[in-house]
Amino acid sequence: MMAIGAYVNIIKSLTEREFCKHHPHPVMLHEATDPLQPTEDTEGETIDRLFISRGPDGEPVLTRTYGPTGPGQLYTVYVLKPARSSTLSIGCSARCEIQINDQSLSKIHALFEAREGRFFLCDNGSTSGTRINDELLRTREWSEVASGDRISLGTVELTFLPAENFYRLVRRLFID
């Protein structure tokens, strides 16, 4: 995983085509106004959270934080890049490829898979459920996700973005 600040610097120097060639994987973006509610004993630490504000020159100022934040936005970028197979796990356990330390998530909450340029999500029998655009997924049934879909894992709200749409969003928010 890379911090959003690193993406801002990369995107400043690359065209959309170049970015997507080097960073082809989709992301889930967590834009939080309320911090995550950490779980106890997740076998590891929470993935980076970044506080984003504007500096005196108008440039984004990014600070890594694990505690309460002040005014501004808090973003977490989860890169959906399977390491061991085409499927990756999402949950609060350190065994998951995408670890989100929030008390509403099960240890292995959901599974994500890329198939021939299309993307799918399934609930892994979680206690608090998985939703795509407010539609509750059935346990262990794959559902396709599309750019801009809101994914809810328990009470954690995320936005699914393919690489090109993530590039455009970061450019619009922090560069242009």
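These numbers were taken from a predicted model, which means no experiment stands behind them. (Residues numbered from 1 in each chain as written. Predicted model: local features only at pLDDT ≥ 70, side-chain atom pairs only at ≥ 80, totals over all residues. Heavy atoms only, no water.)

## A short note on the environment of K81
Here's step 1: Mapped onto the secondary structure, K81 falls in the loop between β4 (73-79) and β5 (87-91).
Here's step 2: On the basis of relative accessible area, K81 is assigned to the exposed category, the value being 53%.
Here's step 3: A C-alpha to C-alpha distance of 9.2 Å links K81 and A114, two positions 33 residues apart in sequence.
Here's step 4: Those residues in contact with K81, other than ones at most four positions away along the chain, are H25 and L88. (Helix = DSSP H or I, 4+ residues; strand = E, 2+ residues; numbered from the N terminus. Buried < 20%, exposed > 50% of the residue type's maximum accessible area, 1.4 Å probe, protein only. Contact = heavy atoms within 4.5 Å.)

## Structural notes on the nonpolar core
Here's step 1: If you look at the biggest cluster of nonpolar residues, it comprises 21 residues, and the most contacted ones within it are I90, I100, F112 and L121.
Here's step 2: Listing elements by their share of this core, those giving two or more residues are β5, β7 (110-115), β8 (118-123), β12 (150-153) and β13 (156-161).
Here's step 3: Listed in part, the 20 residues of the second largest apolar core include Y7, V77, V79 and F174. (Core = buried A, V, L, I, M, F, W, Y, C linked by side-chain atoms within 4.5 Å.)

## Observations regarding helix α3 (residues 163-175)
Here's step 1: Helix length check: α3, at 13 residues, gives a terminal C-alpha distance of 17 Å against a target of 18 Å (1.5 Å per residue), a fit within 8%.
Here's step 2: Where α3 is concerned, the buried positions are A163, F166, Y167, L169, V170 and F174. With its buried residues spanning 165° around the axis, α3 presents them on a single face. (Expected span 1.5 Å × (residues − 1). Arc of directions from axis to C-beta.)

## Thoughts on the sheet that holds β7
Here's step 1: Read across the open sheet, the five strands follow the order β6-β5-β7-β8-β11; overall the sheet is mixed. Because the sheet does not close on itself, it has two edges, and the strands there are β6 (98-99) and β11 (143-145). (Pairing = 2+ DSSP bridges.)

## A look at the packing of aromatic side chains
Here's step 1: Applying the stated criterion across every chain, the model contains seven aromatic pairs.
Here's step 2: Plain terms: the ring middles of F19 and F166 are 6.5 Å apart, the flat faces sit at 45° to each other, and that makes the pair tilted. You can see F19 sitting in helix α2 (residues 16-22) and its partner F166 sitting in helix α3, a full 147 residues away along the chain. Take F19 and F166: they sit in the same class, and that class is buried.
Here's step 3: Residues F19 and Y167 carry aromatic rings whose centres are separated by 5.6 Å and whose planes lie at 40° to one another, so their mutual orientation is tilted. Highlighted residues: F19 in helix α2 and Y167 in helix α3, separated in sequence by 148 residues. Each member of the pair, F19 together with Y167, is buried.
Here's step 4: Within the aromatic cluster, the residues linked to one another by ring pairs are Y7, F19, F166 and Y167. (Phe/Tyr/Trp six-rings, centres within 6.5 Å; stacked < 30°, edge-to-face > 60°.)

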